[in-house]
Amino acid sequence: MTGVAVNRTMSPDRTVFQTRGLAKIYDMGEVKVHALRGVDMEIYAGELVVLLGPSGSGKSTLLNILGGLDTATKGQVTYRGQDLTGATDRELTHYRRFYVGFVFQFYNLIPSLTARENVAVVTEIAGDPMKPEEALRIVGLGNRLDHFPAQLSGGEQQRVAIARAIAKKPAVLLCDEPTGALDSATGIVVLEVLEKINRELGTATVLITHNADIAGMADRVIYLNDGLISRVRVNEHRKSARELHW
Amino acid sequence: MKTIDRKILRDLLGMKGQAVAIALVIASGVSTFIMSVSTMQSLRLTQAAFYRDYRFADVFASLKRAPERVRRRILDIPGVDVVQTRVAASVNIDIRGFPDPVTGDVFSLPDTGEPPLNRLYLRQGRLVEPFRDNEVVIGEAFAEAHGFKPGDELGIIINGRRKTFTVVGVALSPEHIYQMPPGAMFPDFKRYGVMWMGRAALSTACDMKGAFNDVALTLSAGADINDVIERLDEVLGPYGGLGAYGRKDQLSHRYLSEEFKQLERMAAIFPVIFLGVAAFLLNVVVSRLVSIQREEIAVLKAFGYGNFDIGMHFVKLVFLIILLGVSIGIAGGYWLGRYLSTVYMEFYRFPFLKYELRPVVAVVAALVSGGAAILGTLHSVRRAAMLPPARAMRPEPPVSYRETLAERLGLKRILSQPGRMIIRHIGRRPVKSLLTVTGMAFAVAIMMVGSFQEDALDYMVDVQFGLSQREDIAVTFVGPVPKKALYELRGLGGVRHGEIFRTVYARLRFRNRSYRIAVQGLEPGGDLRRLLDADLKPVELPPSGIVLTDYLGEMLGVREGDMLTVEVLEGGRPVVDVPVAALVSQFIGVSAYMDISALNRIMHEGNAISGVYLSADPVYQPRIFARLKRMPRIAGTEVREKAIRNFYDTMAETVLIFTFINTLLAGIIAFGVVYNSARIALSERGRELASLRVLGFTKGEISYILLGELGVLALAAVPAGFLIGRGMCAYIAEGLKTDLYRVPLILDMNTYAFAATVVLVSACISGLIVRYKLDRLDLIAVLKTRE
């Protein structure tokens, strides 16, 4: 298992993302905030990468740029060899629509839509999606299809959000603190779902967390500090989500 | 249905109160537009059909008497198509059981065949049989007022001789769609009637055998009306022609045109206000929706919805609100239009009403309101679409407040903490606060426009009949009579006072402008007819020169001291130059006054009078009327006060309904603005207010913070509304300025008070609804929501 992972990471034609000198400066009027100060890294197909770092280290910024939600101030980022840096808004929209699935810390479900509809709203515009019901079954919510977000627990809401992210069968799954708002037991259930998807669908998954314990389930762990990569760790033994605890 | 569209429906359901309030404002705009335009179009259509089918003439002229052979010469005027000569007479009508004087105008019908022009539409019965001398066809308005039907009898005094006639038909004429007694201000269907008799019968009664005293004609295609009028005047001059005139000066036609003009103004003003307010409300509501939903928008974008999709999402939402508003508006406009048209049918005598709402009108209304609404929301929708997804994901930064000018000026010490919150909140969004005030101000203004016409009418009547035209009875003789007729009338029991007058038809000319008018000769120092200056103070009638009403002066372009040419159209038809001695103020009609002796000098007639104004004890009036009816040579007797009262009776119901509609419309605006502002304030500040509740503020105190702001804005809206309302009334008054009447800009204190009350009460009601929600604020839930 680990060997395969290492092999995958080493093969250059399997590169999903590549960044070079990636920098992001937020202009807050009088102060300029350097969120990223030159990040070089790769993400490979099928691997599960954890971005680890304290708050303000630039994790979310990096994830947003990878997902086409934000643009870099300097440097370059490519998705499967295509440059995202100079992409137009329309191109980025197309990119997000067909290739990227997001999971957010606060789920960000649309409160006026049911679980099924929250997934359908994405599958309706995607290329070759699964059925919303199937996606919800994968995350273990096959029996909660017609519940509104307000009728679901936090963990269930996050699983709806994951179903929404995977239903379009994205090439990459970007998760920003997916367990940040959950207790550990619920968090582990959510991580199991992510692990299952990464394993069964082979979706490259990038997971942000400031919780070092979660890093155990990754193929690789990228440590971010003050806008820079401080080190990269390859896990010889990728733990299963069930083995984690915090 | 697409899932994202389902979201629109659910969002809409979540803000149904606001959506309905906005839809109602849109509906008001659409319905006033449709009502005005459809009524106008329907009346125009009906008018055109009636004119065409019943051959309404193009040119009209009255004269003293011309032999029938002159008809040939008229027909020879180039440009004349069909000529109709007639005998016309002013008559008194004697109705059993109705003591008031009743006057009428009788026109002859040819004894053989239909009239070539101005044909009658028979509502009941038949036309008169050829050569029958005791049959009459009466106008519908008059018939309805007295309940006459074919077979009934009435006494008609023609040329001083009373004769009984049998009503054989009830008819309508394109010449008399609007029926006004000559020289009157309001229609009075009970005391004035139009009727028709056989030519032979009427000629005999008026000594007009083989002659005519009235002519109407149509023009052939391409003829120049001014040319024809000039030639016709030349032909009729020697026969006592009183000056020919075209349709635009024909009384009935003129009143209709004025009414249409008024409807046009209404179609322009009201919808603009409503749609403007609706656009503003949609802007406020949608921009709030966009900020509430910024995270949802961000998620949708994160999952690949494009700017266009997001923009369309909100456009669709706005579109549904517009759709609701437009649907209600079209239905309401159709209903109001039908109703208004039937009201007009009471005043205007059309044989039929072709009410129709042209689809294009509804489409225009829908497009205009849709356009206005979309324009109003475009900015917010654009903002929603352009929101960068990464930034939208983060909560909105706290809004920046600062001390307001008032506080910096030192008011801080006076204001309590909630008071400061109120003024800072107003100060933070000055544009939005200003627009809220403007919206409510327009509600005040609409109320004022509704009452304005009533106030102005009251004032006009007060001035005209209280200050200027103060006689109780006006008696007119068939032709000029010697002054001694005055003494006979003065001798009637109950008559307190009498004053003589003389009217002479003339054309007033100054440079290239002219105006046809009956110049009135009055007794100097008279008390029953007084001339008023601009401040409505009585002015002395100068012994020489002519006095014009200011509007006539304006029309002719003359000022005091200018020399006016008076071309008399009666008797020896002298032409003289007379200096303009003064301009006087008058709201109803236009007049030219002269000292009666000066006028008689021009006419070379010693002491001739045309009639007498009487002031009489009301108790004796029925007896006076009875005596007058039996006197020969009396052409007409008018009792002004009764005409006014009658008019008010007819108007009362209509006025009440229109006041109600206006109140409703103003209420809708006020409610729409206040309710939406309050709901948005609640959604923006729910957290803040809940926090205050947790800190120990009472429900009353937080309501004060939220609703106090709206209270301040509503109070500010009242004086602003007064100003806007006055401006709108001035605009309407300006548009209604004609020689028929000038509506003065008079607004009662009551009107101001009522307008303010309606708006403040609507504001209070919507405030109470929000207060109800505020009282049920779920403290924990509110604090938990992340925004």
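Here the structure is a predicted model, which means the values were calculated and not measured.

Regarding the overall build of chain A
Okay, step 1: Along chain A, the regular secondary structure elements total seven helices and ten strands.
Okay, step 2: On C-alpha atoms alone, chain A measures out to a radius of gyration of 17 Å, which is about the 18 Å that the 2.2 N^0.38 rule sets for 246 residues.
Okay, step 3: Oriented by its inertia axes, the alpha-carbon framework of chain A measures out at about 45 × 40 × 35 Å.
Okay, step 4: Here chain A holds 246 residues, and the buried ones make up 57% of them.
Okay, step 5: Long-range contacts, defined as pairs at least 24 residues apart, comprise 72% of the intrachain contacts of chain A with a sequence gap of at least 6.
Okay, step 6: Surface exposure of chain A reaches about 10,300 Å², of which carbon and sulfur atoms provide 49%.
Okay, step 7: Averaging the locations of the 28 positively and 28 negatively charged side chains of chain A gives two centres separated by 2 Å.

Quick word on the overall build of chain B
Okay, step 1: Along chain B, the regular secondary structure elements total 22 helices and 22 strands.
Okay, step 2: Across its three principal directions, the C-alpha atoms of chain B cover 100 × 60 × 55 Å.
Okay, step 3: Counting over 787 residues, chain B shows a buried share of 56%.
Okay, step 4: Pairs at least 24 residues apart make up 82% of the contacts formed inside chain B by residues separated by at least 6 positions.
Okay, step 5: Side-chain charges in chain B split into 93 positive and 77 negative, and the spacing between the mean points of these groups amounts to 7 Å.

Some points on the sheet that holds strand 2 (residues 80–86) of chain B
Residue and element names in this part refer to chain B.
Okay, step 1: Pairing in this open sheet of four strands is antiparallel, and the strands run 2-10-1-11 from one edge to the other. The sheet is open, and its two edges are formed by strand 2 and strand 11 (245–246), each paired on a single side.
Okay, step 2: Relative to strand 10 (residues 211–219), strand 2 runs antiparallel, the two sharing five bridges. In the sheet register, Thr 85 faces strand 10, and the bridge partner there is Val 215.
Okay, step 3: Strands strand 1 (59–67), strand 2, strand 10 and strand 11 of the sheet are contacted by helix 6 (residues 225–236), whose axis makes an angle of about 15 degrees with strand 1.

Here's the deal with the domain arrangement of chain B
When the parts come together, some accessible area is lost, and that loss is often what is quoted as the size of the interface.
Okay, step 1: Parsing chain B into structural domains produces domain 1 (120–207), domain 2 (430–469 + 645–787) and domain 3 (470–644).
Okay, step 2: One C-alpha centre belongs to domain 1 of chain B, the other to domain 3 of chain B, and the line joining them spans 28 Å.

Some details on the interface of chain B and chain A
Okay, step 1: Counting from both sides, the interface comprises 25 residues of chain B and, opposite them, 28 residues of chain A.
Okay, step 2: Note on chain B versus chain A: buried area summed over both sides is about 2,300 Å², and carbon and sulfur give 59% of it.
Okay, step 3: The largest per-residue losses of area from chain B upon contact with chain A belong to Thr 3, Arg 10 and Phe 303 of chain B, which jointly make up 30% of the total buried on that side.
Okay, step 4: Summed over the shared surface of chain B and chain A, the result is three salt bridges.
Okay, step 5: A salt bridge links Arg 10 of chain B to Glu 117 of chain A; the shortest N-O distance between them is 2.5 Å.
Okay, step 6: Summed over the shared surface of chain B and chain A, the result is ten residue pairs in polar contact (both at pLDDT 80 or more).
Okay, step 7: Put simply, the parts of the chain that give the side of chain B that touches chain A at least two residues each are helix 1 (3–14), helix 8 (294–302), helix 9 (307–347) and helix 11 (389–393) of chain B.
Okay, step 8: In the side of chain B that touches chain A, the residues fall into ten nonpolar, four polar and eleven charged.

Criteria and thresholds
Residues numbered from 1 in each chain as written. Chains lettered and ligands numbered in written order. Predicted model: local features only at pLDDT ≥ 70, side-chain atom pairs only at ≥ 80, totals over all residues. Heavy atoms only, no water. Helix = DSSP H or I, 4+ residues; strand = E, 2+ residues; numbered from the N terminus. Rg over C-alpha atoms; globule rule 2.2 N^0.38 Å. Buried < 20%, exposed > 50% of the residue type's maximum accessible area, 1.4 Å probe, protein only. Contact = heavy atoms within 4.5 Å. Areas by Shrake-Rupley, 256 points an atom, 1.4 Å probe, with all protein chains shown as cover. Lys, Arg positive; Asp, Glu negative; His and termini not counted. Charge placed at Lys NZ, Arg CZ, Asp CG, Glu CD. Pairing = 2+ DSSP bridges. Axes fitted to C-alpha atoms, helices over the stretch in contact; angles between N-to-C directions. Domains from an automatic or database assignment. Buried area = accessible area lost by both parts, 1.4 Å probe. Salt bridge = Lys/Arg side-chain N within 4 Å of Asp/Glu carboxyl O. Polar contact = N/O pair within 3.5 Å; in protein donor to acceptor, adjacent residues only side chain to side chain. Nonpolar A, V, L, I, M, F, W, Y, C, P; charged D, E, K, R; others polar.

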